[in-house]
Amino acid sequence: MKPETLAAQALHAIDDTTGAIVPPVHFATTFARDASYGLRGPMYSRDENPTPVLAEKLLAALEGGAGALVFSSGMAAVAAAFRALLSPGAHVIGPACGYFALRAWMARFCAQWQVQLDMVDTSDLDALSRALRPGVTRLVWIESPANPTWELTDLAAASERAHAAGALVIVDATAATPVHTRALDHGVDIVMHSATKYLGGHSDVLAGALVTRTLDDAWADIARVRHDEGPVLGPMEAYLLIRGMRTLFARVERSSKTALSLAERLATLPGVSVRYPGLPSHPQHAIARRQMERGFGSMLSIQTGGGAETAIGVMKRLRVWMPATSLGGVESLAEHRFTLEGPVTPTPPDLIRLSVGLEHEDDLFEDLRQALAAR
Ligand SMILES: Cc1ncc(COP(=O)(O)O)c(C=O)c1O
């Protein structure tokens, strides 16, 4: 069946006992054994709970993966993978472009655990090849499109080079979502999502996920870390995540259509430059056309010119876009990333990140137009 069908019906979930077409939320942390003291199903919710398990099955189906694990946040998913896969002395390649807090955490983790870390712009395949150490590099971490500057990595080519060197590839595909890119089909080993964003889709649940191509030893190690250390997703959050995923395709197809049109209209405004994978001016537009389907995502960034003060001035004049961090919800958000990331960041000071939601395109454009016109 097509992914839209699987998502809309949450895998045709019909409750066995009542026939309910909305999956029940199992709040129990523990499950009674049967008369012969055997397990009827799950034993304990740090190990397995039917509500997050349904979220995992649905996400695995949408990504075409062999299995999925959900976590209490995107960062908890990243941390579990690092804890499971890397030991002192290992070499890892991290993303030079990408979510700032994740890259900062990665640097701290690797320093503390004596893991050798090289931050590489993986959109540059030659740079990736130079950084790979055959037989030594354990993991290549890619973020594509990379937040908040939206560089794309050619996932098939990067995976081929990483695999030839004996490394595993994990891609943070939060901004792409399985609607635009099924990363496992492009050769990566594991997909990571901040499910807080598009998968949840309503800015009301914090969640993370990993999806694997094969049920191998690396995957078993990650599952063991989650089981042992407990960064699991609670049943209520898992329910909200399932509910969000049921409308994923409708939401993302609509918001990415609006994003493309906004990117085109914003690019006509004087003194404004736009970063969006769907524009021919984007440096990896050709890769985007090959690697993304049903649109180019709902995230874009603009540069206002004039530095941080000018960009913050624009932020203060916005009336429709909400001035908040995060992304992927039904309401459009704008953020001055430089304020958050500070002077050490590679993010340009005049950049405003835009997460396009489900409002009318004209309202979103007009708000930005008036805010930019007063620069
Ligand atoms: C691309 C990306 N990866 C990972 C994360 C971290 O996810 P979470 O906030 O769910 O821990 C974020 C959060 O903003 C993100 O944008």
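Now for a quick tour of the structure. (Residues numbered from 1 in each chain as written. Predicted model: local features only at pLDDT ≥ 70, side-chain atom pairs only at ≥ 80, totals over all residues. Heavy atoms only, no water.)

**Things to note about the overall build of the protein**
To keep things clear, this is the line we draw: In DSSP terms, a helix is any run of H or I states spanning at least four residues, a strand is any run of E spanning at least two, and both are numbered starting from the N terminus. Restricting the calculation to C-alpha atoms gives the radius of gyration, and the globule rule supplies 2.2 Å times the number of residues raised to the power 0.38. Think of it in three bands: residues with accessible area under 20% of the maximum for their type are buried, residues over 50% are exposed, and the middle band is partly exposed, with areas taken using a 1.4 Å probe on protein chains only. Residues count as neighbours in contact if any of their non-hydrogen atoms are within 4.5 Å of one another. Areas reported as accessible are Shrake-Rupley estimates using a 1.4 Å probe. Residue values count occlusion only from the protein chains shown. Neither His nor the chain ends contribute to the count of charged residues, in which Lys and Arg are positive and Asp and Glu negative. Just so you know, the charge point we use is NZ for Lys, CZ for Arg, CG for Asp and CD for Glu.
For the protein, the count of helices and strands is 14 helices and 12 strands. Since a compact globule built from 375 residues should have a radius of gyration of about 21 Å, the 21 Å found for the protein is in line with a globular shape. Here the protein holds 375 residues, and the buried ones make up 55% of them. Put simply, 72% of the contacts in the protein that link residues at least 6 apart link residues at least 24 apart. When the accessible surface of the protein is totalled, it reaches about 15,600 Å², and 55% of it is carbon and sulfur. Of the charged side chains in the protein, 34 are positive and 40 negative, and the gap between their average positions amounts to 2 Å.

**Observations regarding the site of the ligand**
Rule in force here: Residues are labelled near a given molecule or strand when at least one of their non-hydrogen atoms is within 4 Å of it. Contacts described as polar in this section are N or O atom pairs within 3.5 Å, which, within protein, must combine one atom able to donate a hydrogen with one able to accept it, while residues neighboring in sequence count only if both atoms come from side chains. Residue polarity is assigned by list, with Asp, Glu, Lys and Arg as charged and Ala, Val, Leu, Ile, Met, Phe, Trp, Tyr, Cys and Pro as nonpolar; anything else, Gly included, falls into the polar class.
In the vicinity of the ligand, 15 residues are found, and the nearest of them are Met75, Asp172, Ser194, Thr196 and Lys197. The contact in question runs from an oxygen atom of the ligand to an N or O atom on the backbone of methionine 75, over 2.8 Å. Between threonine 196 and the ligand, the recorded distance is 2.6 Å, taken from a side-chain N or O atom to an oxygen atom. Of all elements in the fold, only α3 (74-85) and β6 (190-194) reach the threshold of two or more residues within the shell around the ligand. Along the lines of polarity and charge, the residues of the shell around the ligand split into six nonpolar, six polar and three charged.

**Some remarks on helix α14 (residues 361-373)**
What counts, and what does not: Here the expected length of a helix is defined as 1.5 Å per residue gap, with one fewer gap than residues. The arc in question is formed by the directions pointing from the helix axis toward the C-beta atoms.
End to end, α14 covers 18 Å across 13 residues, agreeing with the expected 18 Å (1.5 Å per residue, within 8%). Three or more residues of α14 are buried, namely Leu364, Phe365, Asp367, Leu368, Ala371 and Leu372. Around the axis of α14, the buried residues are gathered within 160° of arc, so they sit on the same side. Close packing links the buried residues of α14 with α10 (248-266), β9 (299-303), α12 (308-317) and β12 (351-355).

**Section: helix α9 (residues 235-246)**
In a regular helix each residue adds 1.5 Å, so 12 residues correspond to 16 Å; α9 covers 17 Å between its end C-alpha atoms and thus fits that length. Among the residues of α9, Pro235, Ala238, Tyr239, Leu241, Ile242, Gly244 and Met245 are the ones counted as buried. Where α9 is buried, its residues contact α1 (3-8), α2 (50-63), β1 (67-71) and α10.

**Details of the pairing of strand β4 (residues 137-143)**
Applied cut-off: Two strands qualify as a pair provided that DSSP identifies no fewer than 2 bridges between them. By convention a crossover is right-handed if, when the strands point away from the viewer, the path from the first strand over the helix to the second runs clockwise.
Of all the seven residues making up β4, six are buried; the element is thus mostly covered by neighbouring parts of the structure. With three bridges connecting them, strand β2 (residues 91-95) and β4 associate as parallel partners. If you follow isoleucine 93 over to β4, its bridge partner there is valine 140. Between the parallel elements β4 and strand β5 (residues 168-172), the chain passes through helix α6 (residues 155-164) in a crossover that is right-handed.

**Observations regarding unusual backbone geometry**
The linkage connecting serine 144 with the following residue, proline 145, adopts the cis geometry, with an omega of -10°. By secondary structure assignment, the location of proline 145 is in the loop between β4 and α6. Put simply, asparagine 147 and proline 148 share a cis peptide bond, and its omega is 5°. Checked against the element boundaries, proline 148 lands in the loop between β4 and α6. The backbone of histidine 12 shows a phi angle near 60°, a positive value even though the residue is not glycine. Even without being glycine, threonine 177 reaches a positive phi, approximately 60°.

**Points about the sheet that holds β1**
The following threshold applies: Convention adopted: a line fitted to C-alpha atoms gives each axis, helices being fitted over their contacting stretch, and angles between N-to-C directions are expressed from 0 to 180 degrees.
Pairing is mixed in the open sheet, where seven strands are placed in the order β1-β7-β6-β5-β4-β2-β3. Two strands lie at the open edges of the sheet, namely β1 and β3 (116-120), each paired on one side alone. For this sheet, the mean angle separating the axes of adjacent strands, direction not counted, is 20°. Bridging between β5 and β6 involves three bridges; their strand directions are parallel. When the bridges of β6 are listed, aspartate 172 appears paired with methionine 192. Where α3 meets the sheet, it contacts β1, β2, β4, β5, β6 and β7 (208-212), and its direction lies at approximately 165° from that of β4.

**Some details on the packing of aromatic side chains**
Between two aromatic rings, the relevant description is the distance of the centres plus the angle of the planes. Where we set the bar: Here a Phe, Tyr or Trp ring, Trp counted by its six-membered ring, pairs with any other such ring whose centre lies within 6.5 Å, and the pair is stacked when the planes are under 30 degrees apart, edge-to-face when over 60, and tilted otherwise.
Within this structure, the stated rule accounts for five aromatic pairs. Aromatic side chains phenylalanine 109 and tryptophan 113 sit 6.2 Å apart centroid to centroid with 35° between the ring planes, which places their arrangement in the tilted category. For tryptophan 113, a relative accessible area of 39% translates into the label partly exposed. Here the aromatic cluster, defined as three or more aromatic residues joined through ring pairs, consists of Phe82, Trp105, Phe109, Trp113 and Trp141.

**Side note on the pattern of salt bridges**
Note the cut-off: Salt bridges, as used here, are contacts in which a Lys or Arg side-chain nitrogen is within 4 Å of a carboxyl oxygen on Asp or Glu.
For the structure on display, the rule yields 17 salt bridges. A salt bridge links arginine 133 to aspartate 118, with the shortest nitrogen-to-oxygen separation between them at 3.5 Å. A residue pair is termed long-range when its members are at least 10 positions apart, and arginine 133 in the loop between α5 (125-131) and β4 and aspartate 118 in strand β3 qualify at 15 residues. A residue is classified by how much of its surface remains accessible, and aspartate 118, at 28% relative accessible area, is partly exposed. Arginine 294 is paired through a salt bridge with glutamate 253; the nearest N and O atoms lie 2.8 Å apart. In this pair, arginine 294 sits in the loop between α11 (285-291) and β9 while glutamate 253 sits in helix α10, placing the two residues 41 residues apart along the sequence. Exposure remark for arginine 294: the relative accessible area of 34% places this residue in the partly exposed category. Each member of the salt-bridge network shares a partner with another, and the members are Glu335, Arg337, Glu341 and Arg353.

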